[in-house]
Amino acid sequence: MQIAFRTDASIEIGTGHVMRCLTLADALRERGAESLFICRLHNGHLMNLIAERGYTAVALPKPPADGIKACAVPPHAYWLGTDWARDAQETRQAIGAVDCLVVDHYGLDCRWEEELHPACRHLMVIDDLADRPHDCDLLLDQSLGRTRGDYDGLLGDHAITLFGPNYALLRPEFAKLRAASLARRVQPKLEHLLVTMGGVDKENVTGSVLDALDEGTLPPNVRITVVMGPHAPWIDQVRVRAAAMRYPTRVLVGVSDMARLMAESDLAIGAAGSTSWERCCMGLPSFVLVLADNQHPVAEALQVSGAVVALQKPSQVVTHLEERLVSGTVSQFLLDLSNAAARVTDGEGVARTADRMVCEHV
């Protein structure tokens, strides 16, 4: 079974698309599949990581320095760094013919997919936006509350759909550590804060969060762990800020044991991106900040479910915590968040997705 993934990472795009595709590729490899990745050489690409994980990575040409900003359809078309037709031609040359082509890219729509469909037996789209038409056989959207109706007029009647966080593409270690993580939250405490703003955090929201925490009044035994991606542009500044904190603060870069870190944390302060599903799987109480427009629906849906507290700015983190510390309700607050988060997903989504792909003879 030959699988090809067309996805990108960059300072603008972030790392989440490539990372979830790697997770799916790992699950498919366990089921006998061979995977190929096609990625453009954006600043902040993850070609080396893909190769380190044992996959062939084909590089599409680096986009021009000024990018392609004029494209308006779809809304994220400029993420490609070229026009869709050229990208389709370059991708077609890279993959030859495969059993399944998996597309995880907000900058691509049905025009590109129609061009590539003849090169594969099945075409699968991973999406979170429901904002553009697709020509695919299988569509995965892990958004909380997503329904087929959200794709009315955007999908053919024949397309199979996998909807909701129970199809979230989480690495297996999250499901494995889920029970232990939930067990330690029966009697909540506030001692270990986890700050994780995604793989890039191009605006240095991490630094603003640390500023807010340092100015606030937290329990004296609180310690803080900051996780950053290796391509984050503010790593050095964050390390300097961490060293000056009143509370013990460590900065970890490019961690491989995020599930363990989440299991050992009492409260997370994070972006409303793909790590939201990881935190939910672990029942980790969370404050979330929206770092991109496409994260608004995720934050809103999770807040409605009671799984997170969605905030507009980092200073609100301390305000919320101080109110609950003064009123003596912080333990119940953390317990309620944890219970609601754990109901969102069990972390088995990648196995469900890979099994479904195999079942459909992808």
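Worth saying up front: this structure is predicted, and the values here are computed from it rather than measured. (Residues numbered from 1 in each chain as written. Predicted model: local features only at pLDDT ≥ 70, side-chain atom pairs only at ≥ 80, totals over all residues. Heavy atoms only, no water.)

1. Focus: the overall build of the chain
So, step 1. Of the regular secondary structure elements, the chain holds 13 helices and 13 strands.
So, step 2. Out of the 362 residues in the chain, the part that is buried amounts to 55%.
So, step 3. Across the chain, every contact between residues at least 6 apart in sequence was considered, and the portion connecting residues at least 24 apart equals 64%.
So, step 4. A total of about 14800 Å² of accessible surface is found on the chain, and carbon and sulfur atoms cover 51% of it. (Helix = DSSP H or I, 4+ residues; strand = E, 2+ residues; numbered from the N terminus. Buried < 20%, exposed > 50% of the residue type's maximum accessible area, 1.4 Å probe, protein only. Contact = heavy atoms within 4.5 Å. Areas by Shrake-Rupley, 256 points an atom, 1.4 Å probe, with all protein chains shown as cover.)

2. Overview of the pattern of salt bridges
So, step 1. Going through the model one piece at a time under the given rule, you end up with 26 salt bridges.
So, step 2. For Glu12, the salt bridge is made with Lys202, and the minimal N-O distance between the two is 2.8 Å. Of the two residues, Glu12 sits in the loop between β1 (2-7) and α1 (16-30) while Lys202 sits in the loop between β8 (192-196) and α6 (205-215), which places them 190 residues apart along the sequence.
So, step 3. With a closest N to O distance of 2.7 Å, Glu90 and Arg40 form a salt bridge. Note that Glu90 is positioned in helix α3 (residues 84-95) and Arg40 in strand β2 (residues 34-40), a separation of 50 residues in sequence. The exposure classification of Glu90 matches that of Arg40, with both residues buried.
So, step 4. Several salt bridges share partner residues, and in doing so they unite Arg6, Asp8, Arg40, Asp87 and Glu90 into one network. (Salt bridge = Lys/Arg side-chain N within 4 Å of Asp/Glu carboxyl O.)

3. Some words on the environment of Leu210
So, step 1. Locating Leu210 in the fold gives a position in helix α6.
So, step 2. Apart from residues lying up to four places away in sequence, Leu210 is in contact with Ile224, Val226, Val238, Arg241, Ala242, Met245 and Thr249.

4. Remarks on the sheet that holds strand β9 (residues 223-228)
So, step 1. The 6 strands lie next to each other as β10-β9-β8-β11-β12-β13, forming an open sheet whose pairing is parallel. A strand with exactly one partner marks an edge of an open sheet, and here the two such strands are β10 (249-253) and β13 (308-311). Taken pair by pair, the neighbouring strands of this sheet meet at an average axis angle of 20°, ignoring direction.
So, step 2. The sheet contact formed by β8 and β9 spans 5 bridges and is parallel. Across the sheet, the residue bridging to Leu194 is Thr225, located in β9.
So, step 3. The strands touched by helix α12 (residues 330-342) within the sheet are β11 (267-271), β12 (286-289) and β13, with β13 carrying the most contacts at an inclination of about 100°. (Pairing = 2+ DSSP bridges. Axes fitted to C-alpha atoms, helices over the stretch in contact; angles between N-to-C directions.)

5. Focus on helix α11 (residues 315-327)
So, step 1. Spanning 13 residues, α11 covers 19 Å between terminal C-alpha atoms, matching the ideal 18 Å at 1.5 Å per step.
So, step 2. By the burial criterion, the buried members of α11 are Val317, Val318 and Leu321. Along the long axis of α11, the arc covered by the buried residues comes to 85°, so they all point the same way.
So, step 3. In this structure, the buried residues of α11 make contact with α6, β11, β12 and β13. (Expected span 1.5 Å × (residues − 1). Arc of directions from axis to C-beta.)

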